Amino acid sequence: MKVVAIVGMSGSGKSEVARVFEQKGFVRIRFGDLTDREVLRRGLELNEENERHVREELREEHGMAAYANLNLPAIDAALQRSNVVVDGLYSWEEYKLLKEHYGEGFLVVTVYSSPGARQERLSRRPIRPLTVAESVSRDFAEISNLGKGGPIAMADFTLINESSLERLIEKTERLIADGRINSPLPRVMRESHRPSIDEYFLKVASVVAERSTCLRHHVGAVAVRDKHILSTGYNGAAAGLKDCLELGCLRDAQDIPSGTRHEVCRSIHAEQNCIIQASLHGVSLEDCTVYCTHTPCILCARMLVNTRIKRFVSFGKYADDSFRELFAEAGIKVDIVQRPSSEITHLD
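Keep in mind the model is a prediction, meaning the values are calculated, not measured.

Turning to unusual backbone geometry, a few remarks are in order. In this structure, aspartate 226 takes a positive phi of about 55° despite not being glycine. Counting through the fold element by element, aspartate 226 comes out in the loop between strand S6 (220-225) and strand S7 (228-234). What makes aspartate 226 exposed here is its relative accessible area of 65%. Non-glycine residue arginine 308 carries a positive phi angle of around 65°. Arginine 308 gets classed as exposed once you look at its relative accessible area, which sits at 55%.

This part takes up the sheet that holds strand S4 (residues 106-112). Taken in spatial order, the five strands line up as S2-S3-S1-S4-S5 in an open sheet, and their pairing is parallel. The strands lining the two open edges of the sheet, one partner per strand, are strand S2 (27-30) and strand S5 (157-160). With direction set aside, neighbouring strand axes in the sheet form an average angle of 20°. Across the sheet, helix H9 (residues 165-177) lies against S4 and S5, angled at about 160° from S5, the strand it touches most.

Of the residues in the protein, 94% reach a pLDDT of 70 or more, and the chain-wide mean stands at 86. When pLDDT is averaged over each element of the protein, strand S10 (residues 289-292) comes out on top at 97 and helix H12 (residues 250-253) at the bottom at 73. When the criterion is pLDDT under 50, residues 184-192 qualifies, and its contacts beyond four places in sequence or with other chains add up to 23 contacts.

One way to put it is that helix H4 (residues 66-79) packs onto helix H5 (residues 92-102) with a least axis distance of 9 Å and a crossing angle of 30°. As far as their axial angle goes, H5 and H4 are roughly parallel. Crossing hand, H4 versus H5: right-handed. Along its contact with H4, which presents Ala66, Tyr67, Ala68, Asn69, Leu72, Ile75, Asp76 and Leu79, the element H5 presents Glu94, Leu97, Leu98, His101 and Tyr102.

With that settled, the discussion passes to the pairing of strand S12 (residues 333-336). In this sheet, S12 lies alongside strand S11 (residues 311-314) in parallel orientation, the contact comprising four bridges. Bridged to valine 313 within S12 is aspartate 335. In the classification by handedness, the crossover that spans S11, the intervening helix H15 (residues 323-330) and the parallel S12 is right-handed.

One pass over the full model with this rule turns up eight aromatic pairs. Pairwise contacts between aromatic rings join Trp92, Tyr95 and Phe106 into one cluster.

What links the strands of a sheet is backbone hydrogen bonding, and the strands pair in either a parallel or an antiparallel sense. The five strands lie next to each other as S7-S6-S10-S11-S12, forming an open sheet whose pairing is mixed. On the outer flanks of this sheet lie S7 and S12, each paired with one strand and no other. Neighbour to neighbour, the strand axes of the sheet diverge by 15° on average, direction disregarded. As paired strands, S6 and S7 are joined by six bridges and run antiparallel to one another. What sits directly across from valine 222, in S7, is threonine 232. Running over the sheet, helix H10 (residues 197-209) touches S6, S7, S10 and S11 and is turned about 140° from S6. The strands touched by helix H13 (residues 270-280) are S6, S7, S10 and S11; relative to S7, the strand with the most contacts, the crossing angle is about 130°.

For the rest of this paragraph, the subject is the environment of valine 3. As for its position among the elements, valine 3 is in strand S1 (residues 3-7). Residue classification places valine 3 among the buried positions, given a relative accessible area of 1%. As a C-alpha pair, valine 3 and isoleucine 181 span 178 residues in sequence and 9.7 Å in three-dimensional space. Filtering out sequence-adjacent residues up to four positions away, valine 3 remains in contact with Ile75, Leu79, Val84, Val86, Tyr102, Gly105, Phe106 and Leu107.

About the thresholds
- Counting starts from 1 at the beginning of each chain's written sequence and moves along it residue by residue.
- Under the rules for a predicted model, residues below a pLDDT of 70 receive no local features and side-chain atom pairs below 80 are neither given nor counted, while totals for whole chains, interfaces and linings still include all residues.
- To obtain the side-chain values, all non-hydrogen atoms of the structure were used and water was disregarded.
- Each helix is a run of H or I in the DSSP string that is no shorter than four residues. Each strand is a run of E no shorter than two, and both are numbered from the N terminus.
- Only protein chains enter the area calculation, which uses a 1.4 Å probe; residues under 20% of their type maximum are buried, those over 50% are exposed, and those in between are partly exposed.
- Between any two strands, at least two bridges found by DSSP are needed for them to pair.
- Fitted lines through C-alpha atoms serve as axes, helices being fitted only where they are in contact, and the angles separating the N-to-C directions of these axes extend from 0 to 180 degrees.
- Between two residues, a contact is recorded if the distance between any of their heavy atoms is within 4.5 Å.
- The quantity known as pLDDT measures the predictor's confidence residue by residue, on a range of 0 to 100.
- Here is the rule for angles: anything less than 35 degrees is roughly parallel, anything more than 145 is roughly antiparallel, 65 through 115 is roughly perpendicular, and the remaining ranges are oblique.
- By convention, the crossing between two helices is left-handed when the near helix turns anticlockwise from the far helix through less than a right angle, and right-handed when the turn is clockwise.
- By convention, orient the strands away from the viewer: a clockwise path from the first strand over the helix to the second makes the crossover right-handed.
- Stacked, tilted and edge-to-face are the three classes applied to pairs of Phe, Tyr and Trp rings, where Trp contributes its six-membered ring and a pair requires centres within 6.5 Å; stacked means planes under 30 degrees apart, edge-to-face means over 60, and tilted covers the rest.

Okay, here's the thing in C-alpha coordinates:
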(Lines give C-alpha, C1' and ligand atoms only; values in the text may rest on other atoms or scores of the structure.)
Protein backbone atom coordinates (compact mmCIF):
# COMPACT_ATOMS: atom_id res chain seq x y z
CA MET A 1 0.00 0.00 0.00
CA LYS A 2 1.11 3.55 -0.74
CA VAL A 3 0.57 6.96 0.86
CA VAL A 4 0.70 9.62 -1.86
CA ALA A 5 0.87 13.22 -0.67
CA ILE A 6 -0.15 16.00 -3.05
CA VAL A 7 1.85 19.20 -2.49
CA GLY A 8 1.89 22.61 -4.11
CA MET A 9 1.26 26.26 -3.45
CA SER A 10 -2.27 27.55 -2.96
CA GLY A 11 -4.22 27.56 -6.22
CA SER A 12 -1.90 25.10 -7.99
CA GLY A 13 -4.60 22.44 -8.40
CA LYS A 14 -3.74 20.06 -5.54
CA SER A 15 -7.34 19.25 -4.67
CA GLU A 16 -8.24 18.52 -8.30
CA VAL A 17 -5.36 16.05 -8.51
CA ALA A 18 -6.35 14.47 -5.18
CA ARG A 19 -9.92 14.04 -6.47
CA VAL A 20 -8.63 12.09 -9.47
CA PHE A 21 -6.69 9.79 -7.14
CA GLU A 22 -9.86 9.34 -5.08
CA GLN A 23 -11.83 8.43 -8.21
CA LYS A 24 -9.19 5.80 -8.98
CA GLY A 25 -9.73 4.05 -5.65
CA PHE A 26 -7.46 5.94 -3.22
CA VAL A 27 -8.87 6.95 0.17
CA ARG A 28 -8.60 10.73 0.31
CA ILE A 29 -7.54 12.44 3.53
CA ARG A 30 -7.56 16.23 3.40
CA PHE A 31 -5.27 17.82 5.97
CA GLY A 32 -7.16 21.11 5.70
CA ASP A 33 -10.30 19.49 7.11
CA LEU A 34 -8.69 19.77 10.57
CA THR A 35 -8.54 23.52 10.17
CA ASP A 36 -12.10 23.82 8.88
CA ARG A 37 -13.53 21.71 11.70
CA GLU A 38 -11.69 23.72 14.35
CA VAL A 39 -12.77 27.06 12.85
CA LEU A 40 -16.41 25.94 12.80
CA ARG A 41 -16.14 24.46 16.31
CA ARG A 42 -15.15 27.88 17.56
CA GLY A 43 -18.16 29.43 15.84
CA LEU A 44 -15.99 31.46 13.49
CA GLU A 45 -16.45 32.26 9.82
CA LEU A 46 -14.43 30.25 7.31
CA ASN A 47 -12.07 32.85 5.87
CA GLU A 48 -8.34 33.23 5.26
CA GLU A 49 -7.67 35.16 8.48
CA ASN A 50 -9.46 32.71 10.81
CA GLU A 51 -7.99 29.67 9.06
CA ARG A 52 -4.46 31.02 9.34
CA HIS A 53 -4.96 31.80 13.03
CA VAL A 54 -6.20 28.24 13.74
CA ARG A 55 -3.35 26.67 11.75
CA GLU A 56 -0.80 28.62 13.74
CA GLU A 57 -2.41 27.63 17.05
CA LEU A 58 -2.54 23.93 16.12
CA ARG A 59 1.16 23.98 15.24
CA GLU A 60 2.00 25.86 18.40
CA GLU A 61 0.25 23.17 20.45
CA HIS A 62 1.26 20.04 18.49
CA GLY A 63 4.47 21.10 16.73
CA MET A 64 5.24 21.89 13.10
CA ALA A 65 4.30 18.32 12.08
CA ALA A 66 0.85 18.80 13.64
CA TYR A 67 -1.29 17.98 10.63
CA ALA A 68 0.64 14.80 9.80
CA ASN A 69 0.71 13.70 13.46
CA LEU A 70 -2.99 14.28 14.03
CA ASN A 71 -3.91 12.45 10.83
CA LEU A 72 -1.67 9.38 11.33
CA PRO A 73 -4.43 7.24 12.92
CA ALA A 74 -6.78 7.97 10.03
CA ILE A 75 -4.07 7.22 7.43
CA ASP A 76 -3.08 3.96 9.14
CA ALA A 77 -6.70 2.84 9.34
CA ALA A 78 -7.33 3.65 5.67
CA LEU A 79 -4.20 1.75 4.60
CA GLN A 80 -5.77 -1.45 5.89
CA ARG A 81 -8.12 -1.41 2.89
CA SER A 82 -6.64 0.87 0.22
CA ASN A 83 -3.92 3.23 -0.94
CA VAL A 84 -4.22 6.73 0.54
CA VAL A 85 -3.90 10.15 -1.05
CA VAL A 86 -3.14 13.06 1.28
CA ASP A 87 -4.59 16.32 0.00
CA GLY A 88 -2.33 19.13 1.14
CA LEU A 89 1.06 18.52 2.76
CA TYR A 90 2.09 21.83 4.27
CA SER A 91 5.38 21.71 6.15
CA TRP A 92 8.87 20.25 5.92
CA GLU A 93 8.39 18.64 9.35
CA GLU A 94 5.22 16.90 8.12
CA TYR A 95 7.14 15.53 5.13
CA LYS A 96 9.93 14.20 7.34
CA LEU A 97 7.49 12.56 9.76
CA LEU A 98 5.52 10.79 7.01
CA LYS A 99 8.69 9.75 5.18
CA GLU A 100 10.12 8.26 8.36
CA HIS A 101 6.84 6.57 9.25
CA TYR A 102 6.01 5.04 5.83
CA GLY A 103 9.46 4.81 4.22
CA GLU A 104 9.40 3.70 0.58
CA GLY A 105 5.61 3.49 0.79
CA PHE A 106 5.42 7.29 0.94
CA LEU A 107 5.45 9.27 -2.32
CA VAL A 108 5.02 12.94 -3.09
CA VAL A 109 3.39 14.47 -6.16
CA THR A 110 3.89 18.19 -6.58
CA VAL A 111 1.50 20.26 -8.67
CA TYR A 112 3.21 23.34 -10.10
CA SER A 113 1.57 26.48 -11.43
CA SER A 114 3.13 29.89 -11.93
CA PRO A 115 2.20 32.59 -9.38
CA GLY A 116 0.18 34.52 -11.96
CA ALA A 117 -1.90 31.49 -12.91
CA ARG A 118 -2.53 30.63 -9.26
CA GLN A 119 -3.50 34.18 -8.32
CA GLU A 120 -6.00 34.33 -11.15
CA ARG A 121 -7.61 31.03 -10.07
CA LEU A 122 -7.76 32.04 -6.41
CA SER A 123 -9.40 35.36 -7.25
CA ARG A 124 -12.33 33.68 -9.01
CA ARG A 125 -12.89 30.58 -6.89
CA PRO A 126 -16.47 30.50 -5.53
CA ILE A 127 -15.50 29.68 -1.93
CA ARG A 128 -13.15 32.00 -0.02
CA PRO A 129 -11.66 33.85 -2.99
CA LEU A 130 -8.37 35.69 -2.40
CA THR A 131 -7.14 39.00 -3.70
CA VAL A 132 -3.70 39.11 -5.30
CA ALA A 133 -2.31 40.66 -2.13
CA GLU A 134 -3.83 37.93 0.03
CA SER A 135 -2.48 35.25 -2.30
CA VAL A 136 1.04 36.68 -2.19
CA SER A 137 0.86 37.02 1.60
CA ARG A 138 -0.20 33.37 1.93
CA ASP A 139 2.65 32.23 -0.34
CA PHE A 140 5.21 34.12 1.72
CA ALA A 141 3.85 32.78 4.99
CA GLU A 142 3.79 29.16 3.82
CA ILE A 143 7.33 29.30 2.45
CA SER A 144 8.88 31.32 5.29
CA ASN A 145 7.01 29.92 8.28
CA LEU A 146 6.28 26.34 7.22
CA GLY A 147 9.13 25.43 4.90
CA LYS A 148 6.59 24.38 2.26
CA GLY A 149 9.29 24.54 -0.41
CA GLY A 150 10.95 21.46 1.10
CA PRO A 151 8.27 18.89 0.21
CA ILE A 152 7.88 20.50 -3.21
CA ALA A 153 11.62 20.17 -3.86
CA MET A 154 11.66 16.54 -2.68
CA ALA A 155 8.68 15.42 -4.78
CA ASP A 156 8.91 12.09 -6.62
CA PHE A 157 6.66 13.32 -9.44
CA THR A 158 5.80 16.72 -10.87
CA LEU A 159 2.61 17.70 -12.68
CA ILE A 160 2.63 21.03 -14.54
CA ASN A 161 -0.73 22.83 -14.39
CA GLU A 162 -0.54 25.82 -16.68
CA SER A 163 -3.46 25.12 -19.02
CA SER A 164 -6.92 23.61 -18.57
CA LEU A 165 -8.43 21.52 -15.81
CA GLU A 166 -9.09 18.80 -18.39
CA ARG A 167 -5.40 18.67 -19.23
CA LEU A 168 -4.44 18.40 -15.54
CA ILE A 169 -6.91 15.54 -15.06
CA GLU A 170 -5.51 13.79 -18.14
CA LYS A 171 -1.94 14.08 -16.82
CA THR A 172 -2.97 12.76 -13.41
CA GLU A 173 -4.84 9.81 -14.88
CA ARG A 174 -1.81 8.97 -17.02
CA LEU A 175 0.48 9.11 -13.98
CA ILE A 176 -1.74 6.69 -12.08
CA ALA A 177 -2.38 4.39 -15.06
CA ASP A 178 1.23 3.82 -16.11
CA GLY A 179 2.07 2.01 -12.87
CA ARG A 180 4.75 4.34 -11.49
CA ILE A 181 2.74 5.22 -8.40
CA ASN A 182 2.20 1.54 -7.57
CA SER A 183 5.70 0.35 -8.48
CA PRO A 184 7.65 -1.42 -5.69
CA LEU A 185 10.04 1.51 -5.25
CA PRO A 186 9.39 5.23 -5.71
CA ARG A 187 10.70 6.52 -9.01
CA VAL A 188 11.27 10.08 -10.17
CA MET A 189 8.89 10.97 -12.95
CA ARG A 190 10.41 10.23 -16.33
CA GLU A 191 9.96 13.86 -17.32
CA SER A 192 13.23 14.38 -15.47
CA HIS A 193 15.06 11.68 -17.46
CA ARG A 194 16.90 12.84 -20.56
CA PRO A 195 17.57 9.85 -22.83
CA SER A 196 21.09 9.13 -24.04
CA ILE A 197 21.90 9.61 -27.73
CA ASP A 198 21.51 5.88 -28.41
CA GLU A 199 18.21 5.72 -26.52
CA TYR A 200 16.96 8.76 -28.38
CA PHE A 201 17.63 7.46 -31.89
CA LEU A 202 16.44 3.94 -31.05
CA LYS A 203 13.16 5.43 -29.85
CA VAL A 204 12.96 7.33 -33.15
CA ALA A 205 13.54 4.03 -34.97
CA SER A 206 10.70 2.48 -32.97
CA VAL A 207 8.36 5.27 -34.04
CA VAL A 208 9.44 4.80 -37.67
CA ALA A 209 8.64 1.09 -37.34
CA GLU A 210 5.01 1.94 -36.61
CA ARG A 211 4.58 2.61 -40.35
CA SER A 212 5.51 -0.99 -41.20
CA THR A 213 3.04 -3.05 -43.26
CA CYS A 214 4.68 -6.39 -42.40
CA LEU A 215 2.56 -8.91 -40.50
CA ARG A 216 5.55 -10.60 -38.83
CA HIS A 217 7.92 -7.86 -37.66
CA HIS A 218 7.67 -4.08 -37.47
CA VAL A 219 11.18 -2.83 -38.18
CA GLY A 220 12.44 0.75 -38.24
CA ALA A 221 15.87 2.08 -39.20
CA VAL A 222 17.44 5.53 -38.81
CA ALA A 223 20.76 6.63 -40.32
CA VAL A 224 22.55 9.24 -38.21
CA ARG A 225 25.75 11.22 -38.62
CA ASP A 226 27.02 13.81 -36.13
CA LYS A 227 23.73 13.47 -34.19
CA HIS A 228 21.68 14.42 -37.27
CA ILE A 229 19.18 12.12 -38.96
CA LEU A 230 20.08 11.52 -42.61
CA SER A 231 17.45 8.98 -43.61
CA THR A 232 14.79 6.65 -42.21
CA GLY A 233 13.13 3.48 -43.40
CA TYR A 234 10.61 0.83 -42.37
CA ASN A 235 9.78 -2.57 -43.83
CA GLY A 236 6.92 -2.49 -46.31
CA ALA A 237 5.91 -3.10 -49.91
CA ALA A 238 7.38 -1.02 -52.74
CA ALA A 239 5.73 2.36 -53.26
CA GLY A 240 2.35 2.14 -54.97
CA LEU A 241 2.07 -1.65 -54.68
CA LYS A 242 -0.37 -3.60 -52.54
CA ASP A 243 1.09 -4.73 -49.22
CA CYS A 244 0.65 -7.58 -46.78
CA LEU A 245 -2.02 -5.70 -44.85
CA GLU A 246 -4.17 -6.00 -47.99
CA LEU A 247 -3.02 -9.33 -49.42
CA GLY A 248 -1.70 -11.33 -46.48
CA CYS A 249 1.79 -12.69 -45.84
CA LEU A 250 3.43 -14.74 -48.61
CA ARG A 251 5.87 -16.26 -46.16
CA ASP A 252 3.14 -17.37 -43.78
CA ALA A 253 1.24 -18.89 -46.71
CA GLN A 254 4.30 -21.00 -47.56
CA ASP A 255 5.29 -21.62 -43.93
CA ILE A 256 8.76 -20.11 -44.46
CA PRO A 257 10.76 -19.74 -41.20
CA SER A 258 11.97 -16.29 -40.18
CA GLY A 259 15.50 -15.52 -41.31
CA THR A 260 15.40 -17.69 -44.45
CA ARG A 261 14.49 -17.25 -48.15
CA HIS A 262 14.37 -13.45 -48.04
CA GLU A 263 13.40 -13.33 -51.73
CA VAL A 264 9.91 -14.65 -50.94
CA CYS A 265 8.44 -11.46 -49.49
CA ARG A 266 6.55 -8.38 -50.66
CA SER A 267 8.43 -6.10 -48.28
CA ILE A 268 11.58 -4.10 -48.75
CA HIS A 269 13.50 -4.29 -45.47
CA ALA A 270 13.81 -1.23 -43.25
CA GLU A 271 17.58 -0.93 -43.72
CA GLN A 272 17.16 -1.19 -47.50
CA ASN A 273 14.50 1.52 -47.51
CA CYS A 274 16.78 3.70 -45.37
CA ILE A 275 19.57 3.34 -47.96
CA ILE A 276 17.16 3.91 -50.88
CA GLN A 277 15.71 7.07 -49.34
CA ALA A 278 19.20 8.46 -48.80
CA SER A 279 20.19 7.72 -52.42
CA LEU A 280 17.02 9.35 -53.78
CA HIS A 281 18.05 12.59 -52.11
CA GLY A 282 21.75 12.31 -52.89
CA VAL A 283 22.79 11.74 -49.27
CA SER A 284 25.88 9.67 -48.48
CA LEU A 285 25.70 7.34 -45.48
CA GLU A 286 29.47 6.99 -45.21
CA ASP A 287 30.72 7.01 -41.60
CA CYS A 288 27.20 7.16 -40.18
CA THR A 289 25.55 5.07 -37.46
CA VAL A 290 22.44 3.07 -38.30
CA TYR A 291 19.97 2.60 -35.47
CA CYS A 292 17.56 -0.24 -36.07
CA THR A 293 14.92 -2.02 -34.02
CA HIS A 294 16.30 -5.40 -35.24
CA THR A 295 19.69 -6.73 -36.30
CA PRO A 296 20.04 -7.06 -40.10
CA CYS A 297 19.59 -10.01 -42.40
CA ILE A 298 22.61 -10.95 -44.51
CA LEU A 299 21.25 -9.10 -47.57
CA CYS A 300 20.83 -5.84 -45.65
CA ALA A 301 24.21 -6.36 -43.98
CA ARG A 302 25.95 -6.56 -47.37
CA MET A 303 24.26 -3.36 -48.53
CA LEU A 304 25.21 -1.56 -45.31
CA VAL A 305 28.83 -2.60 -45.76
CA ASN A 306 28.82 -0.97 -49.19
CA THR A 307 27.39 2.27 -47.79
CA ARG A 308 30.49 2.40 -45.53
CA ILE A 309 28.66 2.92 -42.26
CA LYS A 310 30.85 2.78 -39.17
CA ARG A 311 28.42 1.55 -36.48
CA PHE A 312 25.19 -0.44 -36.14
CA VAL A 313 23.04 -0.19 -32.98
CA SER A 314 20.02 -2.34 -32.18
CA PHE A 315 17.99 -3.80 -29.33
CA GLY A 316 16.17 -6.60 -31.17
CA LYS A 317 17.64 -9.84 -32.55
CA TYR A 318 16.59 -11.02 -35.99
CA ALA A 319 16.71 -14.79 -36.71
CA ASP A 320 19.55 -14.41 -39.24
CA ASP A 321 22.78 -13.87 -37.26
CA SER A 322 25.26 -14.11 -40.15
CA PHE A 323 25.74 -10.33 -40.27
CA ARG A 324 28.19 -10.46 -37.37
CA GLU A 325 31.06 -12.07 -39.24
CA LEU A 326 30.49 -9.77 -42.21
CA PHE A 327 30.47 -6.61 -40.08
CA ALA A 328 33.54 -7.75 -38.16
CA GLU A 329 35.46 -8.21 -41.41
CA ALA A 330 34.30 -4.79 -42.68
CA GLY A 331 35.22 -3.05 -39.41
CA ILE A 332 31.66 -2.02 -38.56
CA LYS A 333 31.13 -1.73 -34.81
CA VAL A 334 28.02 -3.51 -33.51
CA ASP A 335 26.26 -2.57 -30.26
CA ILE A 336 23.29 -4.59 -29.04
CA VAL A 337 21.79 -2.55 -26.20
CA GLN A 338 18.90 -2.74 -23.79
CA ARG A 339 15.56 -1.83 -25.31
CA PRO A 340 14.72 1.80 -24.44
CA SER A 341 11.49 2.66 -22.71
CA SER A 342 8.56 2.95 -25.11
CA GLU A 343 7.17 5.77 -22.99
CA ILE A 344 7.35 9.28 -24.38
CA THR A 345 7.13 11.98 -21.72
CA HIS A 346 7.66 15.70 -22.03
CA LEU A 347 6.83 18.89 -20.19
CA ASP A 348 3.90 20.69 -21.77
